[in-house]
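Residues per chain are reported as follows:
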Amino acid sequence: MSQASFRLRSFLIGMSVASLTWGASIYLYLSLNSHTDTTTLSDGDKGQSLPYIPLRDISSRNHVLKHFVDGNESKTNGQWKLKFKQLVDDGTMYKNSPALVADLKSKVKVVNGFGSKLNSYSVRNVGKNDMSFGGGLDKGNSNLDMESLGLIKTIEEKKEREQGFKKHAFNALISSRLSYHRNVPDTRHDRCSSIEYPVKLPSASVIICFYNEEFHALVRSIHSVLDRSNTQNLHEVILVDDFSDIDGLNEQLQKYIEKRFPIKVRLYKTPRREGLIRARIFGAKRATGDVLVFLDSHIEANVNWLDPLLARIKQNFTRVVMPLIDIINAETFEYTASPLVKGGFNWGLHFKWDNVPEDSLLHGEDFVKPIQSPAMAGGLFAMDTKYFHDLGEYDSGMDVWGGENIELSIRVN
């Protein structure tokens, strides 16, 4: 056999082996990523097995089970089954089941005792640029349902809604109509309100980075942090404007801060566009609290959200603690509870949410215990300030969104 023939045969054999290896790898990757948790729940009365999804408490789960009674083949029952199946099969974005929402409507405790329904809103009856509000609930508020709140009456309002989705990916028209102090349902488990935390907790520096954020959503985020945090534990709120180029946004925000926020709220602007990771490092270097709490710029804090995070870090400074992240509908701004999930990632190192194992939620107290998670959602978490800097902060070379979910998780673990 000539040397040329030998090389050709070796090349062809190598290509065949490589193709088989890649084919097997792709098959395994697709199989693993398409896997759905098939753990089942049993209905004691009917002996049924249902797909498992971890709702907030046992009563909520029983509320779902009622809709799967044998022999009930009504149209409504079929819709429940379809919604529940969609919830379980969706491995990337957990949605709220209608059963959970319906159950919460009868149970929620509303902040400040204002309103009583999950879809009721506090509405600002003032102009966009008016700064004569702040503090408690706005005077002249009324409760409107979702349809009334999103009602478009003029061409200008139609443009505002369309531009909002184009620029911010949510309904800016509704955001502009919502109170900066609107009520959200207390979606905690009933046992949470009875938990006592140490009087002396580490001080928190809340860092919110933004780029071209919608003004009303941003201000509402800041107010919710101030309104629903223990004052003695909230050391400061640091806002980092990552070189936004919306005309007047920084100036409008600065004026509002000077007029309506306490001195603990400070605004910085980067000298150039840095991106999320470097903007967070920028903010962390200016923080003076014991704990760094990173938040997104379009959030709403819930009741007593901060103390549980700080208490866990006080017990062990190497803990990185994440809050449960509820859902605000981008179209209606309706606030609903999330299922109980933990962070994970697939073989492609893409962050995803995974179900909390059923056997870890057997008793009532299990629903209020911290949940260990192998990965973190990089948008919202708390971490000891010194530990963050000792670990080397974030990798400042990261430019693309999403890396913060995995990079810090691996170094912490």
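Student: I'm lost on the pairing of strand 14 (residues 341–345) in this one. Help?
Tutor: Two faces make up the sheet, and in a regular strand the side chains alternate between them. Bridging between strand 14 and strand 15 (residues 351–355) involves five bridges; their strand directions are antiparallel. Residue pairing across strands places Phe345 opposite Phe351, the latter belonging to strand 15. Hairpin geometry of strand 14 and strand 15 is characterised by an intervening segment of five residues between the two adjacent antiparallel strands and by a positive phi of about 60° at Leu349.

Student: It is not clear to me how the pattern of salt bridges should be interpreted in this structure. Could you clarify?
Tutor: Where charged atoms of side chains with opposite charge meet at close range, the side chains can pair. The full count for this structure, using the stated rule, is 14 salt bridges. A salt bridge links Glu300 to Arg182; the shortest N-O distance between them is 2.8 Å. Within this pair, whereas Glu300 is found in the loop between strand 10 (291–295) and helix 11 (306–315), its partner Arg182 is found in the loop between helix 7 (172–177) and strand 6 (185–186), the two being separated by 118 residues in sequence. Taking relative accessible area as the criterion, Arg182 reaches 3% and is therefore assigned buried. Across the salt bridge formed by Arg280 and Asp296, the nearest N and O atoms sit 3.9 Å from each other. Note that Arg280 is positioned in helix 10 (residues 276–284) and Asp296 in the loop between strand 10 and helix 11, a separation of 16 residues in sequence.

Student: Help me understand the side chain of Glu157 in this model?
Tutor: Note on placement: Glu157 falls in helix 6 (residues 155–168). In this structure Glu157 comes out as buried when scored by relative accessible area, which is 19%. A distance of 2.9 Å separates the side chain of Glu157 from the side chain of Arg177, its partner in a polar contact. With residues up to four places along the chain from it excluded, the contact list for Glu157 reads Leu151, Ile152, Leu173 and Arg177.

Student: Before we go on, may I ask you to explain the nonpolar core in this structure?
Tutor: One broad trend across soluble globular proteins is that nonpolar side chains are buried collectively. Within the largest apolar cluster, 36 residues are counted, with the highest numbers of intra-cluster contacts made by Val206, Val237, Leu239, Leu253, Val293, Leu295 and Trp305. Of all the elements in the fold, those that place two or more residues in this core are strand 7 (204–210), helix 8 (215–227), strand 8 (234–241), helix 9 (249–260), strand 9 (265–269), strand 10 and helix 11. In this structure, Leu253 is in contact with Phe210, Phe215, Leu218, Val219, Ile222, Leu239 and Leu267, ignoring residues within four places of it in sequence. In terms of nonpolar packing, the next biggest core, distinct from the first, is built from 20 residues, Ile238, Ala279, Phe282 and Ala284 among them.

Student: Got a minute to help me understand the packing of aromatic side chains in this structure?
Tutor: Aromatic ring pairs are reported here in terms of the distance separating the ring centres and the angle at which the planes meet. Taken as a whole and judged by the stated rule, the model has eleven aromatic pairs. Summarising the aromatic geometry, the rings of Phe317 and Tyr387 are spaced 5.8 Å apart at their centres and angled 90° between planes, so their arrangement reads as edge-to-face. Remark: Tyr387 occurs in helix 12 (residues 385–390) and Phe317 occurs in the loop between helix 11 and strand 11 (320–321); sequence separation between them is 70 residues. Counting every residue linked through ring pairs, the aromatic cluster contains Tyr180, Phe215, Tyr256 and Phe261. Above the plane of the ring of Tyr211 lies Arg273, whose end atom (NZ or CZ) is 3.6 Å from the centre. When the ring centre of Tyr268 is taken as origin, the NZ or CZ atom of Arg286, which lies over that ring, is 5.8 Å away.

Student: Teacher, can you tell me more about the environment of Ser338 here?
Tutor: By the element assignment, Ser338 lies in the loop between strand 13 (335–336) and strand 14. For Ser338, the side chain forms a polar contact with the main-chain oxygen of Ile325, separated by 3.4 Å.

Student: Can you walk me through the sheet that holds strand 16 (residues 381–384) in this structure?
Tutor: Within the open sheet, the six strands sit side by side as 9-8-7-10-16-11. Their pairing is mixed. Looking at which strands have only one partner, the edges of the open sheet turn out to be strand 9 and strand 11. Of the pairings in the sheet, the one linking strand 7 to strand 8 comprises seven bridges and is parallel in character. Of the residues in strand 8, the one forming a bridge with Ile208 is Leu239. Sheet strands touched by helix 9: strand 7, strand 8 and strand 9. Its angle to strand 9, the strand with the most contacts, is close to 160°. Set on the sheet, helix 10 makes contact with strand 7, strand 8, strand 9, strand 10 and strand 16; between it and strand 7 the angle comes to about 145°.

Thresholds, definitions, all that
- All residue numbers refer to positions counted from 1 along the written sequence of the respective chain.
- Where totals are concerned, whole chains, interfaces and linings use all residues; where local detail is concerned, this predicted model gives features only for residues with pLDDT of at least 70, and gives and counts side-chain atom pairs only at 80 or more.
- Hydrogens are left out, water is left out, and the side-chain values use all remaining heavy atoms of the structure.
- Strands were regarded as paired on the criterion that DSSP finds at least two bridges between them.
- Numbering goes from the N terminus for both helices and strands, where a helix is a DSSP run of H or I of at least four residues and a strand is a run of E of at least two.
- A carboxyl oxygen of Asp or Glu within 4 Å of a side-chain nitrogen of Lys or Arg is what we treat as a salt bridge.
- Exposed residues in this analysis have more than 50% of their type's maximum accessible area, buried residues have under 20%, and partly exposed residues fall in between, with area computed by a 1.4 Å probe over protein chains only.
- Under this definition, polar contacts are N or O atom pairs within 3.5 Å; protein pairs additionally need one hydrogen-donor-capable and one acceptor-capable atom, and for neighbouring residues in sequence, both atoms have to be side-chain atoms.
- Pairs of residues are marked as contacts when any of their non-hydrogen atoms sit within 4.5 Å.
- Buried residues of nine kinds, namely Ala, Val, Leu, Ile, Met, Phe, Trp, Tyr and Cys, make up a nonpolar core once their side-chain atoms join them within 4.5 Å.
- Classification of ring pairs rests on two measures: the distance between centres of Phe, Tyr or Trp rings, Trp counted by its six-membered ring, which must be within 6.5 Å, and the angle between planes, read as stacked under 30 degrees, edge-to-face over 60 and tilted in between.
- Counting as a charge over the ring demands two things of the Lys NZ or Arg CZ atom: a distance within 6 Å of the ring centre and an angle within 35 degrees of the ring normal.
- Every axis in this analysis is a line fitted to C-alpha atoms, fitted for helices over the stretch in contact. Angles between the N-to-C directions lie between 0 and 180 degrees.

None of the figures reported here should be taken as evidence of function without further support.
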